[in-house]
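Residue strings, one per chain:
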2 protein chains.
Amino acid sequence: MPRMAVRAAIFHTPRPGQLETLADALIEIDAAGVITAVGPATPERLARTVDVTIQLPAHHYLLPGFIDLHVHAPQWPQTGRALDVPLEEWLQVHTFPLEARYADTAFAREVYSDLVPSLLAQGTTTALYFATIHVEASIALAEICLALGQRALIGKVAMDAPDECPGFYRDACAEDAIRDTREVINRIRALTPDANPLVQPVITPRFLPSCSFELLKELGVLAAQTGARVQTHCSESPWEVAHGQARFGKSDVAALADFGLLREHTVLAHGNFVNDPDRRHIHHAGAAIAHCPLSNAYFAGRILPLREMLDEGLHLGLGSDLAGGHSPSILDAARMAITASRMREAGDGGPINAVEAFWLATAGAAEALGLPVGHFAPGMEFDALVIDTTGPERIAWPALDSPIQILEKIIRRAGRANIRKVWVRGREVTGA
Amino acid sequence: MPRMAVRAAIFHTPRPGQLETLADALIEIDAAGVITAVGPATPERLARTVDVTIQLPAHHYLLPGFIDLHVHAPQWPQTGRALDVPLEEWLQVHTFPLEARYADTAFAREVYSDLVPSLLAQGTTTALYFATIHVEASIALAEICLALGQRALIGKVAMDAPDECPGFYRDACAEDAIRDTREVINRIRALTPDANPLVQPVITPRFLPSCSFELLKELGVLAAQTGARVQTHCSESPWEVAHGQARFGKSDVAALADFGLLREHTVLAHGNFVNDPDRRHIHHAGAAIAHCPLSNAYFAGRILPLREMLDEGLHLGLGSDLAGGHSPSILDAARMAITASRMREAGDGGPINAVEAFWLATAGAAEALGLPVGHFAPGMEFDALVIDTTGPERIAWPALDSPIQILEKIIRRAGRANIRKVWVRGREVTGA
């Protein structure tokens, strides 16, 4: 790749709640897509030799790329439908039959070839994906992300418990699930044999109720052996919490820890019902919560105590939770996170603001995953997007808005139509 | 206008909760923009002579235009900003100073010339507007709506109470507010001197606390004299309810009724805290609630009991509440209405579904206003829009989705980019 410089007005939040604005910045990026310098666009900086200099037009802003910490890739075709039915019907009648179709790898390729560019166009430069139980479809997703340039963490879903998983869609036994998980880890690692792979495998027990003891135990062993990250659902609903108590005599978080699955950078989707000791446990382990506020309204039954978690310094980010959530946009998740935090009872922790939501969507999620992205600094990789605030879907009134008000408007109002360019590791992956 | 026929797949909800789908319909529209026939596109119907026949492409759907029952036109430039501050600061530091600028009619024309096409592009064919206290700016809004073809009901805001309204932005006294309200009514009626005007005036006390007794009394008299519709805010917050109790010894609804302001087609914005007798009172009067779920999360502190109100047969529709709400899209209001209804405590009324939200956005709001729009039937005026479900912002998977699932996806996911054409009274008012 050529050495590149981008001259732009910048918004980013290296630390929670702290917005940094540079009205006229220059970011220099090396041939590997790594940022080498960030600062005001001084004459000396501008005079340095690079291969390409990109200058953003007026009223365009450069932001770090968005990170989706929880997305079910196979559920993309049902996004927005069948959400008026109860969870059990949603899973058994709609979701599991759809996921079972990914035994057909051609179908998987068709859907994933639509999903990945759709997410890139929404500014999602990194996605933490649940795939399906199928090895070949999981590999297909990895190949498509690599080909299109999306940073991705991909898990073959492991689920073998006959009580909770239908006969037409489950791993036949724990041994098969472990064998297939191991194969997906090895094959994804073989696709990207560099030290710092763009696409990585993730160990993915669907959630505790859908996995046998044997499977959970062996997935923990596999995590220790391979060093692969872990993701799962956790304490999303009262049913799930009660199921864990009855089965393990403890919380989901404590049970996951027992199995060796609560590790650094483990991502727990939802976590609406984690209690205070759980939160300390998650924090101590360096694990993270993926907050999915759109799907929470449908399936959790409780608003996440986000204010408290932020103040405690937990690793946190946002998930679209396609297709329990009905939008592929992390900006939609960010605004619903703010809205939901406003809807908590007055006695609970306070709301979050737009800058905190921006941090969750970028730097917070990057820290949760331990990836060198999420804000602009030397040594970070250049994952970024451009927001046009005054085009056909105008959101800014430059004569009336202060910089922080423009950022607020971006977080509350911008959509795909405002996103003009997206880069991952310095490569432009979409454009308009 | 030429006589026109539109051949299309149709979704509409003539009655709450009842979706009607016609896979291949023909709607005939006369030169005045009134629908003369609706039915299957039979050879006989297709053979009838019209001047223009429009046939929608595959995977495009014709829907009734959306109706915004509560929108503050002057707040358009601040949409999405300054929402992290308390209400009092939002009003006094941000909103009132912005509204005061509309004393400058050129500024008003600049903003309204951006707002009206933006709302039309979102599919809002009818808007019930709060303007500002200014006569000329209110007339400018009416002229722009007429020129661009948006059906609109426009109110010069009346607010004269020194305790609640700042010195730089209020009617000087009740007499001035009445004189100016009367002038706006007369001048808007003079702009559209037909029996069935596209743009109509609305009597608009901001809310009870911002109006003197004298002003409220005289606005009630004016409503009876002129037959103009009425709109106001009502029982949005505990503060407002307490204020009304202290001042009138009764609820907002009962006080409005005393002043002659609770009339047929009066629209009460919010109503989150109306009690059971209030609801019966509203129902009996033929008044309506404009539900504004996005702004409610910021400023109301309670989710509207929407399920109960729907079941009781109250007149109901949706409002964007720009700029207490952060989106100009009635589809965003519809999905937040569903989401908020899901977030109510389990002991409260149940959630609403996507078809009910669609009814609120169209036929429900049309009934609330008493306008001949909102669904497709002979005698109704042709206010409609086209949704493209498989373009660049694809939402449908035709091989996988049933018709009702496509409607669900439209309600939960469609946005401005999916809206291809918009008609008001048979006139195409935007296109892509």
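What you see is a predicted model; the values in this text were computed from it and never measured.

Enquirer: For this particular structure, what's the right way to read the pairing of strand E3 (residues 35–40) of chain A?
Expert: Residue and element names in this part refer to chain A. Here five bridges tie strand E2 (residues 18–29) to E3, and the two strands are oriented antiparallel to one another. Pairing of leucine 26 across the sheet is with glycine 39, part of E3. What sits between E2 and E3 in their antiparallel hairpin is a turn of five residues, with glycine 33 showing a positive phi close to 85°.

Enquirer: Help me understand the pattern of salt bridges, please; the structure alone is not making it clear to me.
Expert: Scanning the entire structure with this criterion turns up 58 salt bridges over all chains. It is possible to trace a salt-bridge network through shared partners that takes in A:Arg151, A:Glu381, A:Asp383 and A:Arg425.

Enquirer: What am I meant to see in the packing of helix H3 (residues 105–121) of chain B against helix H4 (residues 135–148) of chain B here?
Expert: A pair of packed helices can be characterised by two numbers: the angle between their axes and the separation between those axes. All names here are of chain B. Running from amino to carboxyl end, H3 crosses H4 at an angle of 35°, the nearest separation of the two axes being 9 Å. Regarding H3 and H4, the two cross each other, and that crossing is right-handed. Between H3 and H4, the contacting residues are Thr105, Ala108, Arg109, Tyr112, Ser113, Val116, Pro117 and Leu120 on the first element and Glu136, Ala137, Ala140, Leu141, Glu143, Ile144, Cys145 and Leu148 on the second.

Enquirer: Looking at this structure, I do not really get the layout of surface pockets. What am I missing?
Expert: A water-sized probe rolled over the atoms picks out the places where empty space is left. Residue and element names in this part refer to chain A. As a volume, the second largest pocket reaches approximately 540 Å³. What lines the second largest pocket is a set of 26 residues, and nearest its centre among them are Leu87, Leu91, Phe207, Glu236 and Ser237. Where the lining of the second largest pocket is concerned, the elements lending two or more residues are helix H2 (87–100), helix H7 (238–248) and helix H10 (293–299). At six residues, H2 tops the list of elements feeding residues into the lining of the second largest pocket. Class assignment of the residues belonging to the lining of the second largest pocket gives a composition of 11 nonpolar, nine polar and six charged.

Enquirer: Any chance you could explain the relation of the copies chain A and chain B here in plain terms?
Expert: Two copies of one chain are present, and they are related through a rotation about an axis combined with an axial shift. With an RMSD of 0.0 Å, chain A superimposes on chain B once it is rotated by 180° and translated 0.0 Å along the axis. What the rotation and shift describe, once combined, is the action of a two-fold rotation axis. If distances are taken from each C-alpha of chain A to the rotation axis, the shortest is found for A:Ala417, at 3.8 Å. Comparing contact sets, 100% of the residues at the interface of chain A also lie at the interface in chain B, consistent with an isologous, same-surface contact.

Enquirer: Is there a simple way to explain the interface of chain A and chain B in this structure?
Expert: Much of the literature gives interface size as the accessible area that the parts lose upon coming together. With 43 residues of chain A at the interface, the matching set in chain B holds 43 residues. At the boundary of chain A with chain B, total buried surface from both sides reaches about 4,000 Å², with 51% on carbon and sulfur atoms. When residues of chain A are sorted by the area they lose upon contact with chain B, A:Arg342, A:Trp397 and A:Arg412 head the list and together hold 17% of the total. The interface formed by chain A and chain B holds eight salt bridges in total. Joining chain A to chain B, the criterion identifies 28 residue pairs in polar contact (both at pLDDT 80 or more). Of all the secondary-structure elements, those providing two or more residues to the side of chain A that touches chain B are helix H3 (105–121), H10, helix H12 (330–343) and helix H14 (403–413) of chain A. No other element matches the seven residues that H12(A) contributes to the side of chain A that touches chain B.

Enquirer: Any chance you could explain the environment of B:Phe382 here in plain terms?
Expert: Residue and element names in this part refer to chain B. Residue position: phenylalanine 382 is located in the loop between helix H13 (354–369) and strand E15 (384–388). Placed 23 residues apart in sequence, phenylalanine 382 and glutamine 405 show a C-alpha to C-alpha distance of 25 Å. Every residue in contact with phenylalanine 382, bar those within four places of it in the chain, is listed here: Met4, Val6, Ile27, Ile29, Gly33, Ile35, Leu62, Phe376, Trp423, Val424, Arg425 and Gly426.

Enquirer: Is there a simple way to think about the packing of aromatic side chains in this case?
Expert: All names here are of chain A. Under the defined criterion, the tally for this structure stands at 24 aromatic pairs over all chains. With centroids separated by 6.0 Å and ring planes inclined at 80°, the aromatic side chains of phenylalanine 213 and phenylalanine 259 adopt a geometry described as edge-to-face. You can see phenylalanine 213 sitting in helix H6 (residues 213–226) and its partner phenylalanine 259 sitting in the loop between helix H8 (252–258) and strand E12 (267–270), a full 46 residues away along the chain. On the basis of relative accessible area, phenylalanine 213 is assigned to the partly exposed category, the value being 45%.

Enquirer: What's the story with the side chain of A:Gln122 in this structure? I'm lost.
Expert: Residues and elements named next belong to chain A. As for its position among the elements, glutamine 122 is in the loop between H3 and strand E7 (124–130). Residue classification places glutamine 122 among the buried residues on the basis of a relative accessible area of 10%. Leave out the neighbours within four places in its chain, and glutamine 122 touches Phe66, Pro328, Ser329, Arg416 and Ile419.

Enquirer: When you look at empty space enclosed by the protein in this model, what are you seeing that I'm missing?
Expert: Applying the stated rule across the entire model yields one cavity of 30 Å³ or more. Of the voids in this model, the largest cavity is the one considered here, and its volume is about 940 Å³. Lining the largest cavity are 46 residues, and of these A:Asp332, A:Arg335, A:Gly415, B:Asp332 and B:Arg335 lie nearest its centre. Of all elements in the fold, only H3, H12 and H14 of chain A together with helix H12 (330–343) and helix H14 (403–413) of chain B reach the threshold of two or more residues within the lining of the largest cavity. Classifying every residue of the lining of the largest cavity by side-chain character gives 15 nonpolar, 16 polar and 15 charged.

Enquirer: How do you make sense of the environment of A:Pro16 when you look at a structure like this?
Expert: Residue and element names in this part refer to chain A. Within the secondary structure, proline 16 is located in the loop between strand E1 (4–15) and E2. A residue is classified by how much of its surface remains accessible, and proline 16, at 43% relative accessible area, is partly exposed. It is 13 Å that separates the C-alpha atoms of proline 16 and glutamate 308, two residues lying 292 residues apart in sequence.

Enquirer: Can you help me understand the side chain of A:Gln78 in this one?
Expert: Of note, A:Gln78 is situated in the loop between strand E6 (66–72) and H2. In terms of polar contacts, A:Gln78 uses its side chain to reach the side chain of A:Thr95, at 2.9 Å. With residues near it in sequence (within four places) discarded, A:Gln78 still touches A:Trp90, A:His94, A:Thr95, A:Leu98, A:Ala323 and B:Lys409.

Enquirer: I would appreciate a short explanation of the packing of helix H13 (residues 354–369) of chain A against H14(A) in the present structure.
Expert: Residues and elements named next belong to chain A. Running from amino to carboxyl end, H13 crosses H14 at an angle of 60°, the nearest separation of the two axes being 9 Å. Looking at the two axes, H13 sits oblique to H14. In this structure, H13 crosses over H14, and the sense of that crossing is left-handed. When H13 is examined against H14, the residues Ala354, Val355, Ala357 and Phe358 are found in contact with a partner set consisting of Ile404, Leu407, Glu408, Ile411 and Arg412. Tallied by class, residues from the contact of H13 with H14 come to seven nonpolar, no polar and two charged.

Enquirer: What should I look at first to understand H14(B) in this one?
Expert: Within an α-helix, residues lying three or four positions from one another point in the same direction, as the helix has 3.6 residues per turn. Along H14(B), nine of the 11 residues are buried, which leaves the element largely enclosed by surrounding structure. Along H14(B), the residues classified as buried are B:Gln405, B:Ile406, B:Leu407, B:Glu408, B:Lys409, B:Ile410, B:Ile411, B:Arg412 and B:Arg413.

Enquirer: Explain the confidence of the model for chain A to me, please; I cannot follow it from the model alone.
Expert: Considering every residue of chain A, the mean pLDDT works out to 96; 99% of them sit at 70 or more. Confidence metrics for the complex model read pTM 0.97 and ipTM 0.96.

Enquirer: In this structure, what is going on with the environment of B:Leu256? I would like to understand it.
Expert: All names here are of chain B. Looking at where leucine 256 falls in the secondary structure, it is placed in helix H8 (residues 252–258). Separated by 106 residues in sequence, leucine 256 and glutamine 150 place their C-alpha atoms 29 Å apart. Those residues in contact with leucine 256, other than ones at most four positions away along the chain, are Leu208, Thr232, Cys234, Leu261, Leu262 and Leu268.

Scoring rules and cut-offs
Residues numbered from 1 in each chain as written. Chains lettered and ligands numbered in written order. Predicted model: local features only at pLDDT ≥ 70, side-chain atom pairs only at ≥ 80, totals over all residues. Heavy atoms only, no water. Pairing = 2+ DSSP bridges. Helix = DSSP H or I, 4+ residues; strand = E, 2+ residues; numbered from the N terminus. Salt bridge = Lys/Arg side-chain N within 4 Å of Asp/Glu carboxyl O. Axes fitted to C-alpha atoms, helices over the stretch in contact; angles between N-to-C directions. Left-handed = near helix turned anticlockwise from the far one by under 90°. Contact = heavy atoms within 4.5 Å. 1 Å grid on protein atoms, 1.4 Å probe; cavity = no way out; pocket = protein on both sides within 12 Å on 5 of 7 lines; lining within 4 Å. Points joined across faces, edges and corners; volume = space filled by probe spheres on them. Nonpolar A, V, L, I, M, F, W, Y, C, P; charged D, E, K, R; others polar. Least-squares fit on C-alpha atoms with pLDDT ≥ 70 in both. Buried area = accessible area lost by both parts, 1.4 Å probe. Polar contact = N/O pair within 3.5 Å; in protein donor to acceptor, adjacent residues only side chain to side chain. Phe/Tyr/Trp six-rings, centres within 6.5 Å; stacked < 30°, edge-to-face > 60°. Buried < 20%, exposed > 50% of the residue type's maximum accessible area, 1.4 Å probe, protein only. Parallel < 35°, antiparallel > 145°, perpendicular 65-115°, else oblique. pLDDT = per-residue confidence, 0-100.

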